[in-house]
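Take a look at the letters that make up each chain.
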Amino acid sequence: MKLLNYALVYRRFLLVVLSVLLLLPLPLIVRTKEAECAYVLFVVALLWITEALPLSITALLPGLMFPMFGIMPSTQVASAYFKDFHLLLIGVICLATSIEKWNLHKRIALRMVMMVGVNPAWLTLGFMSSTAFLSMWLSNTSTAAMVMPIVEAVAQQIISAEAEAEATQMTYFNESAAHGLEVDETVIGQETNERKEKTIPAPGSSNDAAKVSSKMETEKNLSTGLKYRSKKDHMMCKLMCLSIAYSSTIGGLTTITGTSTNLIFSEHFNTRYPECRCLNFGSWFLFSFPIAVILLLLSWIWLQWLFLGFNFTEMFKCGKTKTLKEKACAEVIKQEYEKLGPMRYQEIVTLIIFIIMALLWFSRDPGFVTGWSVLFSQYPGFVTDSTVALVAGLLFFVIPAKKLTKTTSTGEIVAFDYSPLITWKEFQSFMPWDIAILVGGGFALADGCQNTSRLDSRQSGFESIDQTLEQPNLRK
């Protein structure tokens, strides 16, 4: 029993050691480059599945094991960890940093809630549609990273609005009950009055009761470690987060530039069939767009039914009267939006850069018309989506956001510098380096597998040459 307890405590350490040792006979017995690469692949996959090590640390194992087995040199493995994808991610994270810093995501979120209402079903569909549209032009990871703060802001606004609506509704019911007791006092005799004096709360006690109830509920949530007011709020947040993950993947299927897998297929297809010129931006879009729409609708229905239930009668009932709770939620959302005031200079600049970035991505090489990439026709393939992302990201560090002032010894306030839209420290707090390393590990594994097949084919070619030279006639 004690041994089992120790094994349970050190289970992650045992998983790492056993994964390395139990799979070791594969390269020792087979003794081929393919077996050695398969050994590395199985170890990394097993540690990823069990999460015995952090995912990013596991992704660094190919950089250690490929040079040891002679599959790839260390410099070549290191170059696989930083690809064009990472430059694209850096540019988009600069945009996401500026959006969240200047509260543009909150303005977009509140405006979206005001347009579609606070019904979680329609709100989720609106989020999924907008995320899928963005993912058509941006990478899936970058789109999810950019939209997730907006989803979080919307969920917080809805939960806080419902809390305030329930407090208002409780106050209204308490006041109505107090008024009914006062009417009964004029009809019933003195005996009932004495009983009423013991039950009627003092003036202002209805608000105090609501506050005490809310405080007790908050303290209960804090003591139990819960972050949500109710199970419905918890399910709604799960629904919105998963819907962003699903829709960003579905949207990436729609265009060739939507995700790296589409680009890999397109490159392989054009290399295998160079005479076939049927695969371009337009043909891919016409084929994939109906499939993406069907997948998006089915995912929305499934997630909605799984977490909150799918009530068709309630959703599609026309002309229904809003409840007091819905009216209070809408009013709170409207007040929060009005608190933001008019759009500031920083928000306008961020929005303009985002629109320009999306237009440049769309018009670089759309396929059905000539894009601006022909301006660099003497360097084909040099300018990619990451080039556009880096230009936009650089602008966030260059464009002034506000002046920095200081007070002189004479009491005069003078400007001595300016602050850009984002700083490097702010960018670092948003940059998902763990995701960058994780994706780099996947690229390194892919390059290792490809390099192994080349080495084995080359080795088999050398062996066939040696066998040919060893024939008697050739030896003479």
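A brief look at the structure comes next. Given the structure is predicted, the values throughout are model-derived calculations rather than measurements.

### Some words on the pairing of strand β2 (residues 413-420)
Pairing of strand β1 (residues 400-407) with β2 involves seven bridges; the strand directions are antiparallel. Of the residues in β2, the one forming a bridge with Thr-407 is Ile-413. Connecting the antiparallel pair β1 and β2 is a turn made up of five residues, with Gly-411 showing a positive phi of about 90°.

### Digging into the nonpolar core
Core analysis: the biggest nonpolar cluster contains 48 residues, and Leu-123, Phe-127, Val-154, Met-240, Trp-361, Phe-396 and Leu-421 have the highest contact counts within it. For this core, the elements supplying multiple residues, two or more each, are α8 (84-101), α9 (104-116), α10 (120-135), α11 (140-187), α14 (231-252), α19 (345-364) and α20 (385-398). Counting 17 residues, the second largest nonpolar core, distinct from the first, contains Tyr-39, Val-43, Ala-52 and Val-77.

### A few points about the side chain of Ser-98
You can see Ser-98 is positioned in helix α8. Residues contacting Ser-98, with those up to four places away along its chain left out, are Thr-350, Phe-396, Leu-421 and Ile-422.

### A few points about the packing of aromatic side chains
By the definition in use, this model includes six aromatic pairs. When the ring of Trp-302 is compared with that of Trp-305, the centres are 5.4 Å apart and the planes differ by 35°; the resulting orientation is tilted. With Trp-302 and Trp-305 both in helix α16 (residues 281-307) and three residues apart, this pair spans about one turn of that helix. The exposure class of Trp-305 is exposed, given its relative accessible area of 51%. Among the aromatic residues, those joined into a ring-pair cluster are Phe-397, Trp-424 and Phe-427.

### Some words on the pattern of salt bridges
What the rule picks out here adds up to five salt bridges. A salt bridge links Glu-36 to Lys-33; the nearest nitrogen and oxygen atoms lie 3.6 Å apart. Of this pair, Glu-36 and Lys-33 both sit in helix α4 (residues 33-50), separated by three residues, roughly a single helical turn. The class for Glu-36 is buried, based on a relative accessible area of 14%. Taking the shortest distance from any N to any O, the salt bridge between Lys-83 and Asp-447 comes out at 3.4 Å. With Lys-83 in the loop between α7 (74-80) and α8 and Asp-447 in helix α22 (residues 433-469), the pair connects residues that are 364 residues apart, well separated along the chain. For Asp-447, a relative accessible area of 24% gives the class partly exposed. Salt bridges linked by common partners bring Arg-107, Arg-344 and Glu-347 together as one network.

### Describing the packing of α19 against α20
The geometry of α19 relative to α20 is characterised by a closest axis approach of 10 Å and an angle of 165° between their N-to-C directions. Taken together, the axes of α19 and α20 are roughly antiparallel relative to one another. Relative to α20, the crossing made by α19 is right-handed. Here Thr-350, Ile-353, Met-357, Leu-360, Trp-361 and Arg-364 of α19 come into contact with α20, specifically with Asp-385, Val-388, Ala-389, Ala-392, Leu-395 and Phe-396. In the contact of α19 with α20, the residues fall into nine nonpolar, one polar and two charged.

### Looking at unusual backbone geometry
Its identity as a non-glycine residue notwithstanding, Arg-31 has a phi of 55°, on the positive side. With respect to the helices, strands and loops of the structure, Arg-31 is situated in the loop between α3 (25-30) and α4. Judged by its relative accessible area of 63%, Arg-31 falls in the exposed class. Phi angles above zero are rare outside glycine, and Asn-103 is one such case at about 65°. Along the polypeptide, Asn-103 turns up in the loop between α8 and α9.

### Overview of the environment of Leu-253
Within the secondary structure, Leu-253 sits in the loop between α14 and α15 (260-272). On a C-alpha basis, the gap between Leu-253 and Ser-288 in space is 6.6 Å, while along the polypeptide they are 35 residues apart.

Thresholds applied
Each chain has its residues counted from 1, running along the sequence as written. Restriction of local features to residues with pLDDT of at least 70 applies here, the model being predicted, together with a cutoff of 80 or more for giving and counting side-chain atom pairs; totals for whole chains, interfaces and linings are based on all residues. With hydrogens and water stripped out, all remaining heavy atoms of the structure feed into the side-chain values. Pairs of strands are assigned from DSSP output, requiring at least two bridges between the strands. Note on conventions: DSSP H or I runs of at least 4 residues are helices, E runs of at least 2 residues are strands, and numbering of each starts at the N terminus. What makes a nonpolar core is a set of buried Ala, Val, Leu, Ile, Met, Phe, Trp, Tyr and Cys residues whose side-chain atoms join them at distances within 4.5 Å. For each residue, the accessible area found with a 1.4 Å probe, counting protein chains only, is set against the maximum for its type, and the residue is called buried under 20%, exposed over 50%, and partly exposed in between. Only heavy atoms matter for contacts: two residues are in contact if any of them lie within 4.5 Å across the pair. The pairing test for Phe, Tyr and Trp rings, Trp by its six-membered ring, is centres within 6.5 Å, and the orientation test on the planes gives stacked under 30 degrees, edge-to-face over 60, and tilted for anything in between. A pair is scored as a salt bridge if a Lys or Arg side-chain nitrogen falls within 4 Å of a carboxyl oxygen belonging to Asp or Glu. Between N-to-C directions, angles cover 0 to 180 degrees, with each direction set by a line fitted to C-alpha atoms, over the stretch in contact for helices. Here is the rule for angles: anything less than 35 degrees is roughly parallel, anything more than 145 is roughly antiparallel, 65 through 115 is roughly perpendicular, and the remaining ranges are oblique. Handedness of each helix crossing follows the sense of rotation of the near helix against the far helix: counterclockwise by less than a right angle gives left-handed, clockwise gives right-handed. Under this grouping Gly is polar, as are all residues other than the nonpolar Ala, Val, Leu, Ile, Met, Phe, Trp, Tyr, Cys and Pro and the charged Asp, Glu, Lys and Arg.

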